[in-house]
Amino acid sequence: MTENLGTLSVVRELPATPAEVFRAYVEPEQFVRFWGPVGTSVPLETVTIEPEVGGRFDSTMVLEATGDRYPVRGRFTAVREGELLEFLEEGVGLTGRITLTDLGGGRTEVRMEQENVPAMYLGPEAEAGHNSSFDRLVEHLAARR
C-alpha cells in the first residue's frame, strides 16, 4: 500500500466559460490535447470518460522521451455539469476535485485539488507538471475561440 502523505492544489484562470472548460475535461478528443505536462501525450484510444457518478475516468499518459506509460484508472464520485468533477483514482486512493467558477466575461477559475497524494506526486515538480498541463489547456481553449 502506498503511503498517503499530502495534498496538492493549483488554481488558474482560463479563457473560456465554465461550460467550455467542463467539455474540455469530459470530451476525449479535447482532453488529449492538454492532459499531462509538456513532454507527455495521451493516446485517444486510452481514454474513457463517463461524466456521471460511478462513471469511468481512465487514460494513459506516455512520456514522449522514453515511451514509458502511466495509466490512471478511476471513477467519478461527483459530477455537476459546468461546475465540478470529483474522482477517486483506483489502486492509489488519490482523490481529485476540479471546481469551475464563472468569473464573467468568458473567463473561468479552475481549482484542482488532490488529497491522499503519494509522496512521489508531491513537491515542486508535481506542481510544475500540473501548471504545465494548465498552460496547455489555456492554449487549447484560446485556439477554440
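Sequence order as written defines the numbering, with residues in each chain counted from 1. A pLDDT threshold of at least 70 governs which residues receive local features in this predicted model, and a stricter bar of 80 or more applies before side-chain atom pairs are shown or counted, although totals over entire chains, interfaces and linings include all residues. The basis for every side-chain value is the complete set of non-hydrogen atoms in the structure, without hydrogens or water.

1. Some remarks on the overall build of the protein
Next up, step 1: A count of helices and strands for the protein gives three helices and eight strands.
Next up, step 2: Counting helices and strands in the order they occur from the N terminus, the protein gives β-α-α-β-β-β-β-β-β-β-α.
Next up, step 3: In this description the radius of gyration comes from C-alpha coordinates, and the expected globular size is given by 2.2 Å times residues to the power 0.38. For the protein, the C-alpha radius of gyration of 14 Å lies close to 15 Å, the compact-globule estimate for 145 residues.
Next up, step 4: With the C-alpha coordinates of the protein rotated into their principal frame, the extents come out at 45 × 30 × 30 Å.
Next up, step 5: Exposed residues in this analysis have more than 50% of their type's maximum accessible area, buried residues have under 20%, and partly exposed residues fall in between, with area computed by a 1.4 Å probe over protein chains only. The proportion of buried residues among the 145 residues of the protein is 44%.
Next up, step 6: The contact definition used throughout considers only heavy atoms, calling two residues in contact when any of these lie within 4.5 Å. In the protein, the share of contacts with a sequence separation of at least 24, taken over all contacts with a separation of at least 6, comes to 49%. Secondary structure elements follow DSSP: runs of H or I no shorter than four residues count as helices, runs of E no shorter than two count as strands, and numbering proceeds from the N terminus.

2. Regarding helix 3 (residues 124–143)
Next up, step 1: One less than the residue count of a helix, multiplied by 1.5 Å, gives the span that helix is expected to have. Given a rise of 1.5 Å per residue, 20 residues ought to cover 28 Å, and the 29 Å separating the end C-alpha atoms of helix 3 matches this to within 8%.
Next up, step 2: Within helix 3, burial applies to Ala126, Gly129, Ser132, Ser133, Phe134, Arg136, Leu137, His140 and Leu141.

3. What to know about the pairing of strand 5 (residues 69–80)
Next up, step 1: Looking at chain direction, strand 4 (residues 56–63) and strand 5 are connected through seven bridges and run antiparallel. Each bridged residue has a counterpart across the sheet, and for Val62 the counterpart in strand 5 is Arg69.
Next up, step 2: Connecting the antiparallel pair strand 4 and strand 5 is a turn made up of five residues, with Gly67 showing a positive phi of about 85°.
Next up, step 3: At least two bridges found by DSSP between two strands is the condition for calling them paired. The pairing of strand 5 with strand 6 (residues 84–89) spans six bridges and is classified as antiparallel. The residue of strand 6 that forms the bridge with Val79 is Leu85.
Next up, step 4: Following strand 5, the chain reverses through three residues before pairing antiparallel with strand 6; Gly82 in that reversal takes a positive phi of roughly 75°.

4. Observations regarding the side chain of Ser59
Next up, step 1: Position of Ser59 among the secondary structure elements: in strand 4.
Next up, step 2: The class for Ser59 is buried, based on a relative accessible area of 2%.
Next up, step 3: Beyond its immediate chain neighbours, meaning those up to four positions away, Ser59 contacts Phe31, Trp35, Val42, Thr46, Val47, Tyr70, Pro71, Val72 and Arg73.

5. A look at the pattern of salt bridges
Close approach of charged atoms lets side chains of opposite charge pair.
Next up, step 1: We count a salt bridge whenever a side-chain nitrogen from Lys or Arg sits within 4 Å of a carboxyl oxygen from Asp or Glu. The final tally for this structure, using the stated rule, is eight salt bridges.
Next up, step 2: Here Arg12 ties to Asp135 by a salt bridge, and the two come within 2.6 Å at their closest N and O atoms. Placement of the pair is Arg12 in strand 1 (residues 4–14) and Asp135 in helix 3, with a sequence separation of 123 residues.
Next up, step 3: Taking the relative accessible area as the measure of exposure, Asp135 reaches 37% and is therefore partly exposed.
Next up, step 4: One salt bridge in this structure joins Glu113 and Arg97, with 3.3 Å as the shortest N-O distance. One end of the pair, Glu113, is in strand 8 (residues 107–118); the other, Arg97, is in strand 7 (residues 95–104), with 16 residues separating them in the sequence.
Next up, step 5: Judged by relative accessible area, Arg97 falls into the partly exposed class, the value being 25%.

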